[in-house]
Protein chains: 4
Amino acid sequence: MSTFGSAFRVTTYGESHCKSVGCIIDGVPPGLALTEADIQVQLTRRRPGQSKLTTPRNELDQVTIQSGCELGYTLGTPICLTVPNQDHRPHDYSETDLYPRPSHADYTYMQKYGIKASSGGGRSSARETIGRVAAGAVAEKYLAEVHGVEIVAFVTGVGAIQVADADLQALLATVTREIVDATDVRCPDARAAPAMHEEIVRCSAEKNSTGGIVTCVIRNAPAGLGEPCFDKLEARLAHAMMSIPATKGFEIGSGFAGTCMRGSEHNDAFEADGLGGLRTRSNHSGGVQGGISNGQDIYFRVAFKPPATISQDQATATYAGEGGVLAARGRHDPCVVPRAVPIVEAMAALVIMDTVLQQNARTATRQLLRPVPDDLKAIKPF
Amino acid sequence: MSTFGSAFRVTTYGESHCKSVGCIIDGVPPGLALTEADIQVQLTRRRPGQSKLTTPRNELDQVTIQSGCELGYTLGTPICLTVPNQDHRPHDYSETDLYPRPSHADYTYMQKYGIKASSGGGRSSARETIGRVAAGAVAEKYLAEVHGVEIVAFVTGVGAIQVADADLQALLATVTREIVDATDVRCPDARAAPAMHEEIVRCSAEKNSTGGIVTCVIRNAPAGLGEPCFDKLEARLAHAMMSIPATKGFEIGSGFAGTCMRGSEHNDAFEADGLGGLRTRSNHSGGVQGGISNGQDIYFRVAFKPPATISQDQATATYAGEGGVLAARGRHDPCVVPRAVPIVEAMAALVIMDTVLQQNARTATRQLLRPVPDDLKAIKPF
Amino acid sequence: MSTFGSAFRVTTYGESHCKSVGCIIDGVPPGLALTEADIQVQLTRRRPGQSKLTTPRNELDQVTIQSGCELGYTLGTPICLTVPNQDHRPHDYSETDLYPRPSHADYTYMQKYGIKASSGGGRSSARETIGRVAAGAVAEKYLAEVHGVEIVAFVTGVGAIQVADADLQALLATVTREIVDATDVRCPDARAAPAMHEEIVRCSAEKNSTGGIVTCVIRNAPAGLGEPCFDKLEARLAHAMMSIPATKGFEIGSGFAGTCMRGSEHNDAFEADGLGGLRTRSNHSGGVQGGISNGQDIYFRVAFKPPATISQDQATATYAGEGGVLAARGRHDPCVVPRAVPIVEAMAALVIMDTVLQQNARTATRQLLRPVPDDLKAIKPF
Amino acid sequence: MSTFGSAFRVTTYGESHCKSVGCIIDGVPPGLALTEADIQVQLTRRRPGQSKLTTPRNELDQVTIQSGCELGYTLGTPICLTVPNQDHRPHDYSETDLYPRPSHADYTYMQKYGIKASSGGGRSSARETIGRVAAGAVAEKYLAEVHGVEIVAFVTGVGAIQVADADLQALLATVTREIVDATDVRCPDARAAPAMHEEIVRCSAEKNSTGGIVTCVIRNAPAGLGEPCFDKLEARLAHAMMSIPATKGFEIGSGFAGTCMRGSEHNDAFEADGLGGLRTRSNHSGGVQGGISNGQDIYFRVAFKPPATISQDQATATYAGEGGVLAARGRHDPCVVPRAVPIVEAMAALVIMDTVLQQNARTATRQLLRPVPDDLKAIKPF
């Protein structure tokens, strides 16, 4: 449904043409310094109209904290965040509403609900993601302050233009949001970025659209996150990412390419980390082993399909099953991945924050117990 | 945690060396004909030792229905399923327990719980999946009887040996479990299967392991499944699949390859289905649009890494951070994908069954309302 | 936390001095006719300042539907409802803030959160109930239209003034909201109402407060509601009612008095209902047997303690443990039960709606199965 | 459904005539010393046949830990507990199955599921409570070891025989399970216990049954437990208690009697506790204020109706609506409250344990933040 998370729980609302969109966040730690500015920065990064590559609509997307904060601090009570819609009148019915748009959600929403939002796909609208981004910013504020967590997503593929694998590992260690935002395609790779830009311009000229790939790295997440067996960290991340509109794939660490490796090559051997703990010498696991974070960088890739809305006519059928042509209307975003970057970051933050709370519950509860005797080496090896 | 699903809810238990493994299933529809034989068939498919390619351990894995059924029918109350472990004594501590096994869950379980199962990874053991497979068989029994749902998973990659894309689409429409089980690698492609067999034999001879890919198709799932916005059908499926041990990636429909397509090519145009409804002419969407099933075949791919346990020594470090060599012990499964097939099917069945119940609640509740007036075309287009 | 319900799920937000209060409702059936007027009527009944007996503050409490509806119909997507707070500036600290108010939530909120809302008890404020009442009105709209459900709560006790048991059974069958609202104490018993009024006036004159009892009847709820074993209908109702601020007790049907009855007297024998089904000749069960509704009237009582805020000085201690006197401030509501009436109704509606959705899922799913053979009389007796 | 709790989550299974009954407990802290003996003690207290007052059936109810423990310690993974049923053959249909038993669950189960367990009420059987008691014993083990929590339930009413209010307060402070078990009625009040015994004997002789009241005190529960606004501690306790079969009422602290008190009398003033914190001088609140525990004793009362199964004939109707007489069969328990004592304790332990985990998550997470500045007195008063 429209709720995500267990201990840090976000419920979103809103479609394209209602009065506002937003969310309620429950489970926010009390005493966190938080203002609207902390949230606005990511909403602004998500906003369309920031470059020539994205839809030129001017949505201001100003967030208001309705509850849960006083004097700049969270109270621990639910935080409601709202962002007004600029155009909140329901659409009138028009001729083009005869057709469910191909690969859009019009048809399936009708199948599911027996009714549709006047604007078409209802909650499948990109505006639905505003609540996610706003909530993610709150999670991120905590994670950065307490754990120094850094979450950076960036574009690594636009159509066939992709960042080379060899370049990716270095990027994972060093990339920042500033570097990402330096190009309008949000690709920090100097070779790929201009080619991506051109590819998007080309798509736009062709009145067509293209897919792309967003890669995300989470640095400094504590070890121990993720709940076996169904709520493994990678399962939670996959759920989160595949709930973003237009996603078609998710891979963590070595991903699909890892299926071609031998175990001896894929295994991440341990070594002392110089701080009394262990680290791995390689990181094909992507920071997760047995569904639990191991303290290394968590990184994953998300595939986005080409946007279904294109500026050219399409031969298809009406709701009633009659063949015809759905005429193109207006200008459309030819590639969503640059704007998807803060959405991927937000969903990552929501997953990490929820698992941090879950693990803190376990650790705090366990540490009050008498220790297990040291001689039970089979279950307490050191 | 160890519970999956909302309306059809499965909770599993058990690790390698406890007395039994199994699950409780809550929300099973009452009046479903169900016997242990219905469940045993998939447990037997999951069992190791079925061919020369898998671990020769002989686990019988006989399931018992503890509750929730009488006279061959479900009562609607929780069904507890148990499978005894053959060896349920905790291990003694041995020298090799000094080392957390590379890319296994030993280290992260210690980080998470501060204690470990004597056998190492505890719930990360492959035996944990028995509860999933048993529960999936119950879900599948309902789906097959009522909706004619067919769920068939099969191997499409072993290391670099992969089924060609061109051959895949035909397989999706026609493959059956009988065809899948005809080869020990569970690959229905006549060209790829022998090569896969040889690749696994080669890995075994090299005392190494290899990864692989499982593809799954769900035929005849009703339209309307999946709950926007966070519980989109593909998000639920991704969650389910990425919770299976050793998975590294998930893609639905066109997946990562779809990122390189143009929108005009990727869009699935509609046409009349001859039954008063619509179908799509292509199926790049993989049966899901806007997070909701559209009645077409749902298909997806799952990446499995090479098993971390290999029959060769590995240079790594002890829990205490001292470098050393973890000696190989025993024989191990060089490739898990043939045995993963029924696990993928089970998780798919659990997702579909849960979403069917959720959608049935909505539909049954909605249909009791007075209809929305037909003249409100903007929200009721036909 | 701040979410209630499973299939019909309400999340509320807001405290006394934030910008607004309200809720998000997820799981609303699509196609339900719904306008703000449907919701406003119960919010207005909840509002203080309606008679001489309640706080004379003038809160307008105008609700806005932010999302989930178009052209007067629900879309099936989340409905966000907001009600602005008139005074949304955080309070300044004042001398009286030194003291946690006795039997209020100030002290426990500090224990729980380590921080407090400037107004004191934060979410324990009566304004928190606005979100509940708004959501309950949506649930009730559906239940009334489809099942003819009638939910009527009324005051049956103010201090020692109580409606006689003999009069209660007749009231349960006939009482309406119009009758309830005919007196300012919201007691439909002609003998008790004036005495209750006088008791509240007396309390007010004494600068004191009094407790009371609200009784609620739910008529026409379908049989089959409630989920064994932990989510029995009476357990869900008890949870709902005891989550209302200031409640101290709940009883259903015969309640505590029933503990003094013999089984032969308490048992509700069956008889034909003239419609092909069964009804019970008596209703000591309160409409629920084995945790499941049986189609008879569901009725229960809720105890409310005297409000903790009184208009007289109180000897107590500061947060720092120093004894002192907390001075009275302002005028206060001497008895909450008249205003609690719509809150009790709302929580009842939320429980019934959620259980209706859960049961509809089961029934719709079950009815698609082949019938259990008639000769299995032990499990299918007729 | 059959799952209770959020962070400490129990799922039960089993009815009267299946192979076993039991539960899976998820979220148990790792490293807790736990053996079957810890659990058996409460199961044995729950067992019938312990005195002349209860059913003389001899159920041994031996528990087995199936998973989640090794070498006497919990692993943090799910613990499955099973107890075999002695008679696990489904019943044959007999003439008396024509009749739904009055005030039992036969009729409502048929309404809900369209099928019934051969023994009648299925999960409404008292054997369902075995899983609860087993799980409660695990929770209690932790709470006692870490917090010194003491949970003691005892009988305070059998029919009209009730422990005087004046005697109750002293009992709350001092009663132990040993004292409770000293009498077969499990009433620690020397005056009431013999009268209760006689009342039950009288009922038995009359082939009838009687209701009763169980009071429970929880000592040493930490302050801060309970989650506003819907999961207030008293709401969770009410839910838990009202999910026990045969319960009709719940009250905490002053309860229904508190509705007759003035606020000035009911309010619990604070004083220094001599340990740097506060305590209350009285405890009408029952240890909970604003839905959150305040560190004082938590006490509550639960009403149980007279058992529906009585040893005398009853005039009622068949499933088909024909009037007739349901003949008495066998001997039956004339009063359930003595056996309900460990069930009430178990459910109390489950609630407290779950809220402890939830609050530990919050506290541990909050304490890693930079402190809120001391000068923000309105939100940080000391």
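Calculation criteria
Residues numbered from 1 in each chain as written. Chains lettered and ligands numbered in written order. Predicted model: local features only at pLDDT ≥ 70, side-chain atom pairs only at ≥ 80, totals over all residues. Heavy atoms only, no water. Contact = heavy atoms within 4.5 Å. Buried area = accessible area lost by both parts, 1.4 Å probe. Salt bridge = Lys/Arg side-chain N within 4 Å of Asp/Glu carboxyl O. Polar contact = N/O pair within 3.5 Å; in protein donor to acceptor, adjacent residues only side chain to side chain. Helix = DSSP H or I, 4+ residues; strand = E, 2+ residues; numbered from the N terminus. Pairing = 2+ DSSP bridges. Disulfide = S-S within 2.5 Å. Buried < 20%, exposed > 50% of the residue type's maximum accessible area, 1.4 Å probe, protein only. Least-squares fit on C-alpha atoms with pLDDT ≥ 70 in both. Phe/Tyr/Trp six-rings, centres within 6.5 Å; stacked < 30°, edge-to-face > 60°. Expected span 1.5 Å × (residues − 1). Core = buried A, V, L, I, M, F, W, Y, C linked by side-chain atoms within 4.5 Å. Axes fitted to C-alpha atoms, helices over the stretch in contact; angles between N-to-C directions.

A. Seen up close, the interface of chain C and chain D. On the chain D side, the residues contacting the 123 residues of chain C number 123 residues. Between chain C and chain D lies a buried interface of about 9,700 Å² when both sides are counted; carbon and sulfur atoms form 60% of it. Of all residues in chain C, Lys-112, Phe-230 and Lys-248 of chain C give up the largest surface area on contact with chain D, accounting jointly for 10% of the area buried on that side. Inspection of the region where chain C meets chain D yields six salt bridges. A salt bridge links Arg-262 of chain C to Glu-206 of chain D; its shortest N-O distance comes to 3.0 Å. Taken together, the connections running from chain C to chain D amount to 62 residue pairs in polar contact (both at pLDDT 80 or more). If one sorts the elements of the side of chain C that touches chain D by residue count, helix α2 (residues 106-113) of chain C sits on top with seven residues. Across three bridges, strand β11 (residues 247-252) of chain C lies against strand β11 (residues 247-252) of chain D in antiparallel orientation. Opposite Glu-251 of chain C, over in β11 of chain D, you have Gly-249 of chain D as the bridge partner.

B. View of the side chain of His-239 of chain C. Along the chain, His-239 of chain C turns up in helix α7 (residues 233-242). In this structure the side chain of His-239 of chain C is engaged in a polar contact, spanning 2.9 Å, whose partner is the backbone oxygen of Phe-230 of chain D.

C. Molecular detail of the state of the cysteines. For the structure on display, the rule yields zero disulfides over all chains. No disulfide involves Cys-335 of chain A; its nearest neighbouring cysteine sulfur is the one of Cys-203 of chain A, lying 7.2 Å away. With a relative accessible area of 2%, Cys-335 of chain A lands in the buried category. We note that Cys-216 of chain D lacks a disulfide partner, and the nearest cysteine sulfur, in Cys-187 of chain D, lies 15 Å from it. Assessed through its relative accessible area of 0%, Cys-216 of chain D is described here as buried.

D. Seen up close, the interface of chain A and chain B. The interface of chain A with chain B comprises 122 residues on the first partner and 123 residues on the second. Between chain A and chain B, a total of about 9,700 Å² is buried, with carbon and sulfur atoms accounting for 60% of that surface. Taken as a group, Lys-112, Phe-230 and Lys-248 of chain A account for 9% of the area that chain A buries against chain B, more than any other trio of residues on that side. Inspection of the region where chain A meets chain B yields six salt bridges. With a closest N to O distance of 3.0 Å, Lys-112 of chain B and Glu-227 of chain A form a salt bridge. Linking chain A with chain B are 62 residue pairs in polar contact (both at pLDDT 80 or more). Counting residues per element, the side of chain A that touches chain B draws most heavily on helix α2 (residues 106-113) of chain A, which supplies seven residues.

E. Structural detail: the relation of the copies chain A and chain B. When chain A is fitted to chain B, the best match, at an RMSD of 0.0 Å, comes from turning it 180° and sliding it 0.0 Å along the axis. Those values place the two copies in the arrangement expected of a two-fold rotation axis. Among all C-alpha atoms of chain A, that of His-239 of chain A lies closest to the rotation axis, at 2.4 Å. Mapped onto chain B, 100% of the interface residues of chain A are again interface residues, and the two copies thus contact each other with one and the same surface.

F. Representation of the pattern of salt bridges in the model. In this structure the tally under the stated criterion is 96 salt bridges over all chains. Close ionic contact of Arg-219 of chain B with Glu-150 of chain B constitutes a salt bridge, the shortest N to O distance being 2.8 Å. Placement of Arg-219 of chain B in strand β10 (residues 212-219) and of Glu-150 of chain B in strand β8 (residues 150-158) is noted, with a sequence separation of 69 residues between them. Accessibility expressed as a relative area gives 8% for Arg-219 of chain B, which makes it buried. The salt bridge partner of Asp-374 of chain C is Lys-380 of chain C, with a shortest N-O separation of 2.9 Å. Looking at Lys-380 of chain C, the relative accessible area reads 14%, which means it is buried. By sharing partners, the salt bridges in this structure join Arg-45, Glu-140, Arg-177, Asp-181, Arg-186 and Glu-345 of chain A into a single network.

G. Expanded view of the packing of aromatic side chains. All names here are of chain A. Applying the stated criterion across every chain, the model contains 18 aromatic pairs over all chains. Between Phe-250 and Phe-300, the aromatic rings sit 5.5 Å apart at their centres with planes inclined by 35°, giving tilted as the arrangement. Of the two residues, Phe-250 sits in strand β11 (residues 247-252) while Phe-300 sits in strand β16 (residues 298-304), which places them 50 residues apart along the sequence. Across this residue pair, the class does not change: Phe-250 and Phe-300 are buried.

H. The environment of Arg-132 of chain C, seen in detail. All names here are of chain C. Assignment of secondary structure puts Arg-132 in helix α3 (residues 129-147). Sequence-wise, Arg-132 and Ser-67 are 65 residues apart; in three dimensions their C-alpha atoms are separated by 17 Å. A polar contact of 2.7 Å, which involves the side chain of Arg-132, links it to the backbone oxygen of Ser-243.

I. Spatial organisation of helix α3 (residues 129-147) of chain A. Here α3 of chain A spans 26 Å end to end across 19 residues, near enough to the 27 Å set by a 1.5 Å rise per residue. The buried fraction of α3 of chain A amounts to 15 of the 19 residues, a majority that puts the element mostly inside the structure.

J. Region of the structure containing the nonpolar core. With 350 residues, the main nonpolar core has Met-241 and Phe-300 of chain A, Phe-300 of chain B, Phe-300 of chain C together with Phe-300 of chain D as its most contacted residues. Non-local contacts of Phe-300 of chain D, meaning those with residues more than four positions away in its chain, are made with Val-214, Thr-215, Cys-216, Ile-218, Leu-237, Met-241, Phe-250, Glu-251, Ile-252, Val-344 and Ala-348 of chain D.

K. Region of interest: the sheet that holds strand β16 (residues 298-304) of chain C. Here 10 strands make up an open sheet; going across it, the order is β9(C)-β8(C)-β10(C)-β16(C)-β11(C)-β11(D)-β16(D)-β10(D)-β8(D)-β9(D) and the pairing antiparallel. The sheet is open, and its two edges are formed by β9 (161-162) of chain C together with β9 (161-162) of chain D, each paired on a single side. Note that strand β8 (residues 150-158) of chain C and strand β10 (residues 212-219) of chain C share eight bridges and pair antiparallel. Bridge pairing links Ile-151 of chain C to Ile-218 of chain C in β10 of chain C. Sheet strands touched by α7 of chain C: β10, β11 and β16 of chain C together with β11 of chain D. Its angle to β11 of chain C, the strand with the most contacts, is close to 155°. Contacting β8, β10 and β16 of chain C, helix α9 (residues 337-366) of chain C crosses the sheet at an angle of about 145° to β8 of chain C.

L. Here's a closer look at the pairing of strand β3 (residues 20-26) of chain A. All names here are of chain A. Counting buried residues in β3 gives seven out of seven residues, a clear majority hidden from the surface. Neither face of β3 is left uncovered, since the one carrying Ser-20, Gly-22, Ile-24 and Asp-26 and the one carrying Val-21, Cys-23 and Ile-25 both have all their residues buried. Counting the residues between successive antiparallel strands, the hairpin from strand β2 (residues 9-13) to β3 contains six residues, one of them, Gly-14, with a positive phi of roughly 110°. Pairing geometry for β3 and strand β7 (residues 79-84), over six bridges, is antiparallel. Paired with Ser-20 across the bridge in β7 is Pro-84.

M. Highlighting helix α1 (residues 36-46) of chain A. Looking at α1 of chain A, one finds that the buried residues are Ile-39, Gln-40, Gln-42, Leu-43, Arg-45 and Arg-46 of chain A. Close packing links the buried residues of α1 of chain A with β4 (64-65), β7, α3, α5 (177-181) and α9 (337-366) of chain A.

N. A look at the sheet that holds strand β1 (residues 3-4) of chain D. All names here are of chain D. Across the sheet, which stays open at both edges, the five strands sit in the order β1-β2-β3-β7-β4 with antiparallel pairing between neighbours. Pairing within the sheet leaves two strands with one partner each, and these edge strands are β1 and β4 (64-65). Bridging between β1 and strand β2 (residues 9-13) involves two bridges; their strand directions are antiparallel. Counted as the bridge partner of Thr-3 is Thr-11 from β2. Against the sheet, helix α3 (residues 129-147) engages β2, β3 (20-26) and β7 (79-84), with an angle of about 35° to β3.

O. A look at the side chain of Ser-243 of chain A. Summarising the element assignment, Ser-243 of chain A is placed in the loop between α7 (233-242) and β11. Residue class for Ser-243 of chain A comes out buried when judged on its relative accessible area of 0%. Sequence-distant contacts of Ser-243 of chain A, defined by excluding residues within four places in its chain, comprise Arg-132 and Met-347 of chain A together with Cys-229, Phe-230, Lys-232 and Ala-235 of chain B.

P. Here's a closer look at the pairing of strand β16 (residues 298-304) of chain D. Residues and elements named next belong to chain D. Counting buried residues along β16, seven of its seven residues qualify, which places the element largely inside the surrounding structure. Strand direction decides the pairing type here: strand β10 (residues 212-219) and β16, joined by seven bridges, are antiparallel. Note that in β16 the partner of Ile-218 across the bridge is Ile-298. Note that β11 and β16 share five bridges and pair antiparallel. Within β16, the residue paired with Phe-250 across the bridge is Val-302.

These results come straight from atomic positions and should not be treated as a statement about function.
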